[in-house]
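Chain by chain, the residues run as shown.
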Amino acid sequence: MKELTRLIKEDMKPALGVTEPGAIAFAVASARTYTSGEITKVQVALNSGMYKNAFTCGIPNSSNFGNLYAAALGAVAADAKKGLESLADITDEDDAKAAGMVERGLIEAVLDHIGSEITIDATVETRQDSCTVHIRDSHTHIVSIEKNGEKIYEEEDNGKEDAQETDSGPAVPVIHRYSLHEILRYVEEVPEEEISFIQEAFSMNQELLEEGIASGRAVITRRLLKDNGDGLISKDVLKTAQLLCNGAIEARVLGLGRPAMSITGSGAHGIIATMPLVAQYKADGNGMDEAKLLRAAALSYLITMYIKEYSGRLSAFCGCGIAAGTGMACGLAFMRGGNEEAIGRVIQNMASGLTGMICDGGNHGCTMKGIVAVDAAFRAVDLALTGVCIESIHGINGKTPEDTMRHMGMIASPGMTGTERTIVEIMEQK
């Protein structure tokens, strides 16, 4: 298996609802497995991105939302063995028990620090035991566990995953050891059967969309469906893309009961990176080979991962629109016959157009951000394929596509640390 195939396969994971509530519930449920007796206190300490993203987020199978209820459900009934789908089997009775714990003041969620790298420290206390689970770098990556003051588990290597030390400095993520040229060569040459697993993302994300349509709760989706002639697929590729992509995002942020296929730890990233490409494949009527769709999705994922490694997993900018939107736009250009130079122009256009979009948590507003990202991507591709782009002398664009993507990430981290603090303060004051 090629190294880039491995990166994609290891990063693709089903995620039920917005990823952050699932991760909080997973962390608490993991700590709970090491304790006995009645729970007297649950505390989760979160980095700003985790705290912010789950702050007003819908929770699968629950009428409640946010950090406190995600933690409470983790204590009551979440299944840690299911990872980011830990909340899949929550019942109404579980939801009521969790709400009771919140009302009695047994649950605490605190902002630990402003930062883009994922940190969760989840502590469950009972009359007999106390256990703390420490998660770092990705949503379910447990690095250590302490029970009753003693460390009972510690990962041997706490270094960043998928990175290698260099003689000249710190670890370099594997994806950053590849140029755009090398990524495109991989995409063009990788055997179709080696990336056929990506098909699962298309079907999973479409099932989530259909769940949203059936629920009647997805009000933006209802409008997008009407705009598309009341069908999932029409001859209008852009309208089809808006429906397939943002209908799935809306269902996800509302906390409906089907998972999305995530990439870089985010269901919305995974949806944006794939569903507009599915729309192009299904709606253009040109009989495109399915292998082209798989290769475009692989390119989309890799560009998304490239930018996210610079910005951090959770930051003050909208990685869904900026990173996944840019990845998707590159995949779209690839499907339309764009060469390496054209795809480089796509990256420049997206960097100039979307990089300032903020992330104010996982919430209904993500659907609007997705709509903007899809519009921007289609326009960026249309311009790039005719030779038009924002040249490298302007703004944050770099001399190479790799420089441009690095600059995009730097705007988030360290660039928007102050923005992150302000966003959290606004949310807490409401």
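Residues numbered from 1 in each chain as written. Predicted model: local features only at pLDDT ≥ 70, side-chain atom pairs only at ≥ 80, totals over all residues. Heavy atoms only, no water.

**Focus on the pattern of salt bridges**
To keep things clear, this is the line we draw: We define a salt bridge as a contact between a side-chain nitrogen of Lys or Arg and a carboxyl oxygen of Asp or Glu at a distance within 4 Å. Put simply, DSSP marks the helices as runs of H or I at least four residues long and the strands as runs of E at least two long, and each gets a number from the N terminus on. Buried means the residue's accessible area, taken with a 1.4 Å probe over protein chains only, is under 20% of the maximum for its type, while exposed means over 50%, and partly exposed covers the values in between.
Inspection of every chain in the model, using the stated rule, returns 16 salt bridges. When the shortest N-O distance is used, the salt bridge between Arg 313 and Asp 11 registers 3.2 Å. Separated by 302 residues along the polypeptide, Arg 313 in the loop between α11 (290-311) and α12 (319-335) and Asp 11 in helix α1 (residues 3-11) bring together distant segments of the chain. A residue is classified by how much of its surface remains accessible, and Asp 11, at 12% relative accessible area, is buried.

**Some remarks on the pairing of strand β10 (residues 259-262)**
The following threshold applies: The criterion for strand pairing is that DSSP finds at least two bridges linking the strands in question.
Alternating residues of β10 divide into Pro 259 and Met 261 and Ala 260 and Ser 262, and every residue in both groups is buried. The pairing of strand β1 (residues 13-16) with β10 spans four bridges and is classified as antiparallel. Bridged to Lys 13 within β10 is Ser 262.

**Digging into the sheet that holds strand β7 (residues 150-154)**
In a beta sheet, neighbouring strands pair by backbone hydrogen bonds and run either parallel or antiparallel. Formally: To obtain each axis, a line is fitted to C-alpha atoms, and for helices this fit is confined to the stretch in contact; angles are then taken between N-to-C directions over 0 to 180 degrees. Should any heavy atoms of two residues lie within 4.5 Å, those residues are considered in contact.
What the six strands build is an open sheet, ordered β3-β2-β4-β5-β6-β7; its pairing is mixed. At either margin of the open sheet sits one strand with a lone partner, and together these are β3 (107-113) and β7. Neighbour-to-neighbour, the strand axes of this sheet turn through a mean angle of 15°, independent of strand direction. Sheet topology note: the strand β2 (residues 39-47)/strand β4 (residues 119-126) ladder contains seven bridges and is antiparallel. Its bridge partner being in β4, Ile 39 is matched across the sheet by Thr 126. Here helix α4 (residues 67-76) sits on the sheet in contact with β2 and β3, set at roughly 120° to β3.

**Some words on the packing of helix α6 (residues 180-189) against α11**
Rules: An angle below 35 degrees is read as roughly parallel, one above 145 as roughly antiparallel, one from 65 to 115 as roughly perpendicular, and any other as oblique. Here is the rule for handedness: rotate from the far helix to the near one, and if that takes an anticlockwise turn smaller than a right angle the crossing is left-handed, while a clockwise turn gives right-handed. When residues are grouped by polarity, Ala, Val, Leu, Ile, Met, Phe, Trp, Tyr, Cys and Pro land in nonpolar, Asp, Glu, Lys and Arg in charged, and all others, Gly among them, in polar.
At their nearest, the axes of α6 and α11 sit 9 Å apart, and the two run at 155° to each other. With respect to α11, the element α6 is oriented roughly antiparallel. For the pair α6 and α11, the crossing hand works out as right-handed. Packed against α6, whose contacting residues are Leu 180, Ile 183, Leu 184, Tyr 186, Val 187, Glu 188 and Glu 189, the element α11 presents Arg 295, Ala 298, Leu 299, Leu 302, Ile 303 and Tyr 306 at the interface. Each residue belonging to the contact of α6 with α11 can be placed in one class, and the counts come to ten nonpolar, no polar and three charged.

**Some words on a nonpolar patch on the surface**
This is how it is decided: Candidates for patches are residues over 30% relative accessible area with no salt bridge; among them, like charges are joined within 9 Å and nonpolar side chains (Val, Leu, Ile, Met, Phe, Trp, Tyr) within 5 Å. Accessibility throughout is a Shrake-Rupley quantity obtained with a 1.4 Å probe, and a residue counts as covered only by protein chains that appear here.
A cluster of nonpolar side chains, contributed by Tyr 34, Ile 152 and Tyr 153, occupies part of the molecular surface with about 270 Å² of accessible area. Checked against the element boundaries, Tyr 153 lands in strand β7. Overall, the relative accessible area of 36% leaves Tyr 153 in the partly exposed class.

**Topic: the nonpolar core**
How we decide: As used here, the term nonpolar core means buried Ala, Val, Leu, Ile, Met, Phe, Trp, Tyr and Cys residues forming a set that is joined through side-chain atoms within 4.5 Å.
One finds Ile 8, Met 12, Ile 183, Ile 198, Leu 299 and Tyr 301 to be the most contacted residues of the largest nonpolar core, which totals 99 residues. For this core, the element with the most residues is α11, which contributes twelve residues. Leaving out residues up to four positions away in the same chain, Ile 198 has contacts with Ile 8, Met 12, Leu 294, Ala 297, Ala 298 and Tyr 301. Formed by 46 residues, the second largest nonpolar core is a distinct cluster that contains Ala 23, Phe 26, Leu 84 and Ile 120.

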